[in-house]
Amino acid sequence: AIIKTALPNMDREAKEEYFVVIQAKDMGGHMGGLSGTTTVTITLSDVNDNPPKFAQSLYHFSVMEDVALGEPIGRVKANDLDIGENAKSSYDIIEGDGMDIFEITTDSQTQDGIIRVRKPLDFETKKSYTLKVEAANIHLDPRFLSGGPFKDTATVKIVVEDADEPPVFSSPTYLLEVHENAAINSVLGQVTAHDPDVSSSPIRFSIDRHTDLERQFNINAEDGKITLATPLDRETSTWHNITIVATETRNHSQVSRVPVAIKVLDVNDNAPEFASEHEAFLCENGKPGQVIQIVSAVDKDDPKNGHYFLYSLLPEMVNNPNFTIKKNEDNTLSILAKHSGFSRQKQEVYLLPIVISDSGTPPMSSTGTLTIRVCGCSSDGIVQSCNVEAYVLPIGLSMGALIAILACIILLLVIVVLFVTLRRHKNEPLIIKDDEDVRENIIRYDDEGGGEEDTEAFDIATLQNPDGINGFLPRKDIKPDLQFMPRQGLAPVPNGVDVDEFINVRLHEADNDPTAPPYDSIQIYGYEGKGSAAGSLSSLESSTSDSDQNFDYLSEWGPRFKRLGELYSVGESDKET
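Residue numbers restart at each chain and count upward from 1, following the sequence in its written direction. Totals for whole chains, interfaces and linings use every residue, but because this is a predicted model, local features are given only for residues with pLDDT of at least 70 and side-chain atom pairs only at 80 or more, for both listing and counting. The basis for the side-chain values is all heavy atoms of the structure; hydrogens and waters are excluded.

Chemist: Describe the overall build of the protein chain, and please don't skip the residues or the numbers.
Modeler: Within the protein chain, the regular secondary structure consists of 6 helices and 29 strands. A buried classification covers 27% of the 577 residues belonging to the protein chain. Where accessible areas are quoted, they stem from the Shrake-Rupley method and a 1.4 Å probe; at the residue level, only the protein chains shown are allowed to cover. Counting only carbon and sulfur atoms, one obtains 55% of the accessible surface of the protein chain, whose full area is about 39,600 Å². In this text, helices come from DSSP runs of H or I with a minimum length of four residues, and strands from runs of E with a minimum of two, each type numbered from the N-terminal end. Think of it in three bands: with a 1.4 Å probe and only protein chains considered, a residue is buried below 20% of the maximum accessible area for its type, exposed above 50%, and partly exposed in between.

In structure tokens:
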């Protein structure tokens, strides 16, 4: 089945969808045949047959004069009955007195025209603007161009409102120049600013001290004149950059700033001097007229035409018989020798004062001294030695040989010092300190002595003790049973007595002493010593016996000690009988 339109010029904007019921019959539609139906939905597709149309022909907007650039101030919209790509439009400002102040762009999402500020506004200059805005379809259908233009226009009026604006300087930047010898409080220049508002508030000026930490400049708060507060020096700083602040007196929040660059101009106030401390070397075998040294000068000043230096010798050195000077074209100076035959033995060092002057106004000058040393050189003019001592050394002895000889001498000295040190260590006696003397602690016994306490066996000081001769020294290893009166000893023996005779006397006394047993006999020690809490444990000298003791207490200790008590009881009864 073929479905065809029955009406021409169908309009999608009026009705977009149609529903058609289709019936199909068999038997050619005769009676008794069967049939079936179906519904067909017909949707009309859109074509660009409608132009855009503004909702209103006049739009009003207001904006503050201090609005930021690019900020939107209003929106306009042209409606299009078409849909999709056919409904897209573009906006343009086609005429008006603010074509260069404003611009309009299209919002791709809403198809609105957005008006933005393109240049700064000024209420005091112009208070309102009128614009004519056009909206046109982007995609056109040639079949419908005859239906009329696919665009529309509207008028936009924009009113600028006054805002409290900060002061405006007469220039965005300022450049001032001043000579470095300018007097204190001299005027360097002036800055000006005004309040652009109708009220025209007075302005006060100040210097941002963060840009002038040394406070070298001042400014008049009323008229903006900048003056010098401290002396300037171009050689220290050629440029000074400060910031001037302008503030409204009626509204201190309205502030403007402007940079001011101050250039310090040069004044000839520095004398030229040598570029470095020069020291020239003159060969003994040099020739007359030979250039000894080329020197240069520097000047901290900066004249417009560049530096030009004048060199001269001091008046008393003009007739110097040894040296002369020559000015070079490159503003340097050459020092020349007047004769040959210089000798280190005669004079090793020459001092040549040179006067350096500049071409400034007024001219400045200084005197520099050039030191010239007389040196020994090779045949081709290479300096080898400038010391007098080196001149008297034997010919043929090079510097390397001198260094080798010196190294050998040092090595020999080191060897000698080490040898002497080792000899001293070997010859040092083994000195034992007093607290380390062990002669009284280590006892050597060559015989069977009288016991552990005999620690004075061979002490010669004890043998020579007069008390051992005249008095009786009791023994410490036994407790004598009998007490004898002290023997009459011999007369004190002088320290210088013969030791052999002294020992023989002591031997005779020991043989005749009944209380002293011989040293080679076996001794029985019954004396336990002093200070024992238990007393003597020996029964040899005990004055008591078992008979003196009572053992009756054993029967009281229980059945275990009963038999022991009976034994001791029997022993006591036997002794009684």
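On we go.
Chemist: Go over the environment of Asn387, please, and point to the residues and values.
Modeler: Mapping Asn387 onto the fold places it in the loop between strand 29 (383-385) and helix 1 (388-391). The spatial distance from the C-alpha of Asn387 to the C-alpha of Glu348 is 7.9 Å, given a sequence separation of 39 residues. Pairs of residues are marked as contacts when any of their non-hydrogen atoms sit within 4.5 Å. When near neighbours in sequence (up to four residues on either side) are disregarded, Asn387 contacts Arg344 and Glu348.

Chemist: Tell me about the packing of aromatic side chains, and name the residues and values.
Modeler: Aromatic rings from Phe, Tyr and Trp, with only the six-membered ring used for Trp, were paired whenever their centres fell within 6.5 Å, and each pair was classed as stacked if the ring planes differed by under 30 degrees, edge-to-face if by over 60, and tilted otherwise. This structure, assessed with the given rule, holds 8 aromatic pairs. Arranged with centres 6.4 Å apart and planes meeting at 50 degrees, the rings of Phe169 and Phe205 form a pair that is tilted. Residue Phe169 is located in strand 11 (residues 168-169), and its partner Phe205 is located in strand 15 (residues 203-207); the two are separated by 36 residues in the primary sequence. Taking the relative accessible area as the measure of exposure, Phe169 reaches 11% and is therefore buried. Accessibility expressed as a relative area gives 8% for Phe205, which makes it buried. When the ring of Phe323 is compared with that of Tyr350, the centres are 5.4 Å apart and the planes differ by 75 degrees; the resulting orientation is edge-to-face. Taken together, the residues span a long stretch of sequence, with Phe323 in strand 25 (residues 323-327) and Tyr350 in strand 27 (residues 349-357) at a distance of 27 residues. Like Phe323, the residue Tyr350 is buried in the burial classification. Put simply, the rings of Phe54, Tyr59 and Tyr91 touch in pairs and so form one group of aromatic residues. Put simply, a charge is over a ring when the Lys NZ or the Arg CZ is close to the ring centre, within 6 Å, and near the line of the ring normal, within 35 degrees. Here the guanidinium or amino end of Lys127 rests over the ring plane of Phe123, the centre of that ring lying 4.8 Å away.

Chemist: Quick rundown of the sheet that holds strand 12 (residues 174-179)? Include the residues and the values.
Modeler: The mixed open sheet is built from 4 strands, whose spatial order is 12-19-18-15. Two strands close off the open sheet at either side, each with one partner strand: strand 12 and strand 15. Sheet twist, expressed as the mean angle between neighbouring strand axes with direction ignored, is 30 degrees. Strand direction decides the pairing type here: strand 18 (residues 239-248) and strand 19 (residues 255-265), joined by 9 bridges, are antiparallel. By the bridge assignment, Trp239 is partnered in strand 19 with Lys263. In short, DSSP must find at least two bridges between two strands for them to pair. Every axis in this analysis is a line fitted to C-alpha atoms, fitted for helices over the stretch in contact. Angles between the N-to-C directions lie between 0 and 180 degrees.

Chemist: Which residues make up the state of the cysteines, and what values go with them?
Modeler: Two cysteines whose sulfur atoms are joined by a covalent bond form what is called a disulfide. Any cysteine sulfur atom paired with another within 2.5 Å is treated as part of a disulfide. One pass over the full model with this rule turns up 1 disulfide. Between Cys283 and Cys377 runs a disulfide, and the two sulfur atoms are separated by 2.0 Å. In this structure, the disulfide formed by Cys283 and Cys377 twists by about -85 degrees around the S-S bond and is classed as left-handed. Taken as a pair, Cys283 in strand 21 (residues 279-283) and Cys377 in strand 28 (residues 365-377) lie far apart in primary sequence, 94 residues in all. This pair shows no difference in class: Cys283 is buried, exactly as Cys377 is.

Chemist: So, a nonpolar patch on the surface: which residues are in play, and what are the values?
Modeler: The residues that make up patches have over 30% relative accessible area and no salt bridge, and they are joined within 9 Å when like-charged or within 5 Å when they are Val, Leu, Ile, Met, Phe, Trp or Tyr. Salt bridges are counted wherever a side-chain nitrogen of Lys or Arg sits within 4 Å of a carboxyl oxygen of Asp or Glu. Side chains of Tyr553, Trp557, Phe561, Leu564, Leu567 and Tyr568 sit close together on the surface and give an oily, nonpolar patch of about 570 Å² of accessible area. Residue position: Leu564 is located in helix 6 (residues 562-576). According to the relative accessible area criterion, Leu564 is partly exposed, its value standing at 35%.

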